[in-house]
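Report on the structure
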Amino acid sequence: MANIAIVGAGVIGASCAAFLQRDGHSVTIYDPLPPGEGCSFGNAGSIGPGSVVPLSTPGIVRQAASWITDPDSPLWIDWRYLPRALPWLTRFIAAGASPRINGIAKALRLLHADSFENYRKLLGINAKSLLHVSGQLYLYESDAAFAKDTLGQQLRAALGIRSEILGPDEVRQLEPSLGPRFSKAIYLPDSGHCSNPHRLVATIAEDIARNGGRFVRTSVKDFEQHAGEVRAVVTDVGRMPCDMVVIAAGAWSQRLVGRLGLRIPIESLRGYHVMLPMPETAPKRPLYPLAAKIMMTPMEHGLRVAGTAEIAGLDAPMNERRASTLGKIAKRYFPSMTDEPISIWMGHRPATPDSLPVIGPSPQHRNVVLAFGHGQTGLIGGSTTGLLVSDLVASRKPTIDPYPYRANRF
Ligand SMILES: Cc1cc2nc3c(=O)[nH]c(=O)nc-3n(C[C@H](O)[C@H](O)[C@H](O)COP(=O)(O)OP(=O)(O)OC[C@H]3O[C@@H](n4cnc5c(N)ncnc54)[C@H](O)[C@@H]3O)c2cc1C
């Protein structure tokens, strides 16, 4: 059995480590942060096996152009960073225009379909308090807005994802605390949420440690390579020999694989959340008003309102105004709620141009596996990614076809 170094202790690194450990490997996870304190800390908690719509779709340029001048809009680009983001943005737009959309949706479906089931394998008895197949509501403020959103409906129908169209009375029956703004909704009964994504990763990590896995709080700076293999990871605290490496460093992965001579386009799509006191009648499920592109999810510690995409790189400070705007938007939907934040947060979604992660062997190294780039759906895809990586390392029949996620597609 191998001594495997895993770089990154987010939901992806932890899921990979846990499944690899179950195969008998010895795992060491490197991260300067405690488990789950990167992007995996503050996501919206949505677990939607039906989340199949890529970020870049045919109308993206027109839609983005209408947002770009508004600092409170769902997408914001820091103009000073634009020259660095331009190659990625060009590929992103091309992915949306291409006839690949159906294939991308199918690959997202494969990765997301068994998300709950595979997390249950990792979480044991803790799954009950963390995972909720509560359904999700996609909300529309007018019949015209609903009629315009056909792509998602077509993709979900083509992939056999169950959904129901609801009118305003049915929406209010399901979620009595919502204001009367919504005239239509799509209900996805097989989707749901995790009520504490940080606790989910911490729980998996505790299990790994209990079974002998090691967590080393340090950054991996480089790799010691010899004849197409990595022999050791080079860290702040020295050189650590290993038989194999899994790179799961989220939005930082592009920098890291650059040390291996690989060029893989990953951009940080920075997103925010604000935690608000729970409305008097708590919503039961994630609510997604499509016009605002925010997700409102009932969490263990309040209502989490998460969303927005900001392209400003890994190093720019967080823009608190964008987080507090989320609270103001949520108040439109829950009129009786206070929008005084309990806390705010910013995280780096690790985004590829085509909304599919990179999962699989490095094209140039015999003992390196890549597992990053899950963008806006890394919580959903985490558990199956871990299982797939363990299958690839074991050279057994993979749980899903890994081809769509190969690194050399770029
Ligand atoms: C606002 C927002 C809402 C979201 N909502 C959802 C949602 O509802 N559902 C969903 O599925 N997804 C959602 N996401 C996306 C999801 O959170 C991410 O896709 C996921 O967390 C990515 O996990 P990861 O493990 O790849 O990255 P991370 O959690 O960021 O982990 C990567 C880790 O690598 C470490 N690292 C980096 N460089 C090094 C190095 N050199 N050496 C060692 N360690 C290193 C970092 O410190 C970090 O801990 C959302 C994201 C945001 C921002």
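About the thresholds
Residues numbered from 1 in each chain as written. Predicted model: local features only at pLDDT ≥ 70, side-chain atom pairs only at ≥ 80, totals over all residues. Heavy atoms only, no water. Near = heavy atom within 4 Å. Polar contact = N/O pair within 3.5 Å; in protein donor to acceptor, adjacent residues only side chain to side chain. Helix = DSSP H or I, 4+ residues; strand = E, 2+ residues; numbered from the N terminus. Domains from an automatic or database assignment. Pairing = 2+ DSSP bridges. Axes fitted to C-alpha atoms, helices over the stretch in contact; angles between N-to-C directions. Phe/Tyr/Trp six-rings, centres within 6.5 Å; stacked < 30°, edge-to-face > 60°. Buried < 20%, exposed > 50% of the residue type's maximum accessible area, 1.4 Å probe, protein only. Lys NZ or Arg CZ within 6 Å of the ring centre and 35° of its normal. Contact = heavy atoms within 4.5 Å. Buried area = accessible area lost by both parts, 1.4 Å probe. Salt bridge = Lys/Arg side-chain N within 4 Å of Asp/Glu carboxyl O. Nonpolar A, V, L, I, M, F, W, Y, C, P; charged D, E, K, R; others polar.

With that settled, the discussion passes to the site of the ligand. In the neighbourhood of the ligand, 37 residues make up the surrounding shell, with Asp 31, Ser 40, Val 220, Gly 375 and Ile 380 lying closest. Ile 12 places a main-chain nitrogen or oxygen 3.2 Å from an oxygen atom of the ligand. Between an oxygen atom of the ligand and a main-chain N or O atom of Cys 39, the distance comes to 2.9 Å. Mapped onto the shell around the ligand, the elements with two or more residues apiece are helix H1 (11-22), strand S15 (267-276), strand S19 (343-351) and helix H13 (378-394). No other element matches the four residues that S19 contributes to the shell around the ligand. Here the shell around the ligand spans two domains, since at least three of its residues come from each of domain 1 (3-40 + 199-265 + 355-409) and domain 2 (52-99 + 133-190 + 267-351).

An order of S10-S2-S1-S14-S21-S20 is seen for the six strands of this open sheet, with the pairing classed as mixed. A strand with exactly one partner marks an edge of an open sheet, and here the two such strands are strand S10 (214-216) and strand S20 (358-361). Pairwise comparison of adjacent strand axes, ignoring direction, gives a mean angle of 20° for this sheet. Inspection of the sheet shows strand S14 (residues 244-247) paired to strand S21 (residues 368-372) by three bridges, in the parallel sense. Paired with Val 245 across the bridge in S21 is Val 368.

When we look at a pair of aromatic rings, we describe it by the centre distance and by the angle of the planes. Scanning the model with the defined rule gives five aromatic pairs in all. Ring geometry for Phe 41 and Trp 345: centres 6.4 Å apart, planes at 40°, overall tilted. Note that Phe 41 is positioned in the loop between strand S2 (26-30) and strand S3 (46-47) and Trp 345 in strand S19, a separation of 304 residues in sequence. A relative accessible area of 28% means that Phe 41 is categorised as partly exposed. Summarising the aromatic geometry, the rings of Trp 88 and Phe 92 are spaced 5.0 Å apart at their centres and angled 15° between planes, so their arrangement reads as stacked. One end of the pair, Trp 88, and the other, Phe 92, are both in helix H3 (residues 82-97), four residues apart, so they sit about a helical turn from each other. Here Trp 88 matches Phe 92 in class, with each residue buried. Geometry around Phe 146 places Lys 184 over its ring, the cationic atom sitting 5.5 Å from the centre.

A few words on the sheet that holds strand S13 (residues 238-241). Strand order across the open sheet formed by three strands is S11-S12-S13, with antiparallel pairing between neighbours. Of all strands in the sheet, those with a lone pairing partner are strand S11 (220-226) and S13, marking the two edges. Sheet twist, expressed as the average angle between the axes of neighbouring strands with direction ignored, equals 30°.

Okay, the environment of Leu 82 next. Mapped onto the elements, Leu 82 comes out in helix H3. Taking the C-alpha atoms as reference points, Leu 82 and Ile 311, separated by 229 residues in sequence, lie 8.0 Å from one another. Not counting residues up to four positions away in its chain, the partners in contact with Leu 82 are Ile 77 and Leu 89.

By the assigned domains, the protein splits into domain 1 (3-40 + 199-265 + 355-409) and domain 2 (52-99 + 133-190 + 267-351). Distance between the C-alpha centres of domain 1 and domain 2: 28 Å. In this assembly, 13 residues from domain 1 lie in contact with 17 residues from domain 2. Buried surface at the junction of domain 1 and domain 2, both sides included, amounts to about 1,300 Å², of which 59% is carbon and sulfur. Per-residue buried area on domain 1 facing domain 2 is highest for Cys 39, Ala 251 and Pro 265; these three make up 38% of the total on that side. Connecting domain 1 to domain 2 are two salt bridges. A salt bridge links Asp 315 to Arg 255, with the nearest nitrogen and oxygen atoms 3.1 Å apart. For the pair domain 1 and domain 2, the number of links is five residue pairs in polar contact (both at pLDDT 80 or more). Looking at the side of domain 1 that touches domain 2 residue by residue, the class counts come to four nonpolar, seven polar and two charged.

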